Amino acid sequence: MDYKFAARMTAMKPSIIREILKSSAGGSVIPLAAGNPAAETFPLEAIRSFTESILLENPVAALQYGVTEGYEPLRERLMAHLQQRFNVDTTDNALMVVSGAQQGIELACKVFCSEGDTIICESPSFIGSLNTFRSAGIRLAGVPMEADGIDLEQLEAALKREPNVKLIYLIPSFQNPTGITTSLEKRKGIYALARQYDVMILEDNPYGELRFQGKDVPALKSIDTDQRVIYVGSFSKVLSAGLRVGYVLAPDAVIQKMAVAKQGEDVHTATLPQMIAHRFMTEYDYDSHIALVRNVYRRKSELMLQALEQHMDATVTFTRPDGGLFLWCELPASVPMLDYCKQAAASGVAVVPGNAFLVDESEPCQALRLNFSTPSDEQIVRGVEMLAQVFAQQKARR
């Protein structure tokens, strides 16, 4: 059979991260490539207890169809949480529960962008979102990152230059892949440019609860005075990635359109995981759990940074994130990044080549992404030692 796939599939490639995960699934490869939350942060007993009590007390509601917008008690609790935790004014906004933050990003793209329209994004940026945009036939315009977030001058240049810009897509806090946090000054600058050029902002904040040092920076949604920010959040990094519960807070008119689009995809997010998430927020010590998660990632990030400082060549630079799951390593120009990543994998440690996160993967790139949440403490130290050995071997050949 000669399969004639849709034209949109030509722009889609397998996620390099998923492919690396498959190759390292056997356990012999140290997983510094993944972005999975640390398994020790899962509140297993609470999830087991909540599931049991839900199925005993309210099984029909948990197992029957639900409304597209989501389980109402969870939506109400999330609205209150966003007001309290992120100082978000929920007036004139509505909230919809989605099947992971990735679906929220895809729905925003679907309701605002036609094929050929433009989305401006940070470069590098999250590969899952980039592939979502590409699959919709969207033109991507990447703007370089600086130490405190996206380059505002180049952002404005892109807004002037690019045709039919519909969204500015950002991960302002502990960005994937760089770990960079956008400063408040730049957040205000981004918002001002979005107002000036009348463009919506898609704020992706899956790591917002995971600050383990420094002071919180207000979410873009908290400075949204004219209802142009679509805010996407998730339980994946604070409860469980496998439950696939995310949410979108946006102007009511936007949520109405997204709900119609979601009905054509999966009708509604599974109700049982939503009910578990609601109990997690209302019957569990949520604040103590978040503190535990932050402590785990603080320790793991410090361990990786210490190992890099101790073992890695001084010509290799890396970001020092204040939260999240990732840091970004830059190799000197004398060591080809792709060759280095391939040799690292052959030596037994998986990392993600930095070009996978670029809008144009053919652009020169000397960076790679490291993850500290997935590996054990022992794997972090051993993995960095192995990366340092591979670097020394590569350097000696030059």
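Everything here concerns the structure above.
Here's a quick rundown of the structure. (Residues numbered from 1 in each chain as written. Predicted model: local features only at pLDDT ≥ 70, side-chain atom pairs only at ≥ 80, totals over all residues. Heavy atoms only, no water.)

### Structural notes on the pattern of salt bridges
One pass over the full model with this rule turns up 25 salt bridges. Here Lys300 makes a salt bridge to Glu40, at a shortest N to O gap of 3.7 Å. One end of the pair, Lys300, is in helix H11 (residues 286-311); the other, Glu40, is in the loop between strand E1 (30-31) and helix H2 (44-57), and 260 residues separate them in sequence. Given the relative accessible area of 44%, Glu40 is considered partly exposed. For Asp266, the salt bridge is made with Lys262, and the minimal N-O distance between the two is 3.0 Å. (Salt bridge = Lys/Arg side-chain N within 4 Å of Asp/Glu carboxyl O. Helix = DSSP H or I, 4+ residues; strand = E, 2+ residues; numbered from the N terminus. Buried < 20%, exposed > 50% of the residue type's maximum accessible area, 1.4 Å probe, protein only.)

### Topic: the sheet that holds strand E2 (residues 93-98)
Reading across from one edge, E2-E9-E8-E7-E6-E3-E4-E5 is the order of the eight strands in this open sheet, with mixed pairing throughout. Since the sheet does not close on itself, it has two edges, and those belong to E2 and strand E5 (149-150), each with one partner. Both strand E7 (residues 200-204) and strand E8 (residues 229-234) contribute to a ladder of four bridges, which runs parallel. Residue pairing for E8: Leu202 is matched across the bridge by Ile230. The strands that helix H4 (residues 72-86) touches are E2, E8 and strand E9 (246-251); relative to E2, the one it contacts most, it runs at about 120 degrees. Each of E2, E7, E8 and E9 is contacted by helix H9 (residues 252-263), which is oriented at about 25 degrees to E2, the strand it contacts most. (Pairing = 2+ DSSP bridges. Contact = heavy atoms within 4.5 Å. Axes fitted to C-alpha atoms, helices over the stretch in contact; angles between N-to-C directions.)

### Section: the packing of aromatic side chains
Per the stated rule, a full pass over the model turns up ten aromatic pairs. Seen in terms of ring centroids, Phe212 and Phe372 are 6.3 Å apart; in terms of plane orientation they differ by 70 degrees. Their pairing is edge-to-face. Here Phe372 lies in the loop between strand E14 (367-371) and helix H13 (377-397) and Phe212 lies in the loop between E7 and E8, a separation of 160 residues in the sequence. In this pair, the class of Phe212 matches that of Phe372, namely buried. One aromatic cluster in this structure is built from Phe50, Phe280, Tyr284 and Tyr286. For Arg85, the ring lying beneath its charged end belongs to Phe86, and the centroid distance is 4.8 Å. (Phe/Tyr/Trp six-rings, centres within 6.5 Å; stacked < 30°, edge-to-face > 60°. Lys NZ or Arg CZ within 6 Å of the ring centre and 35° of its normal.)

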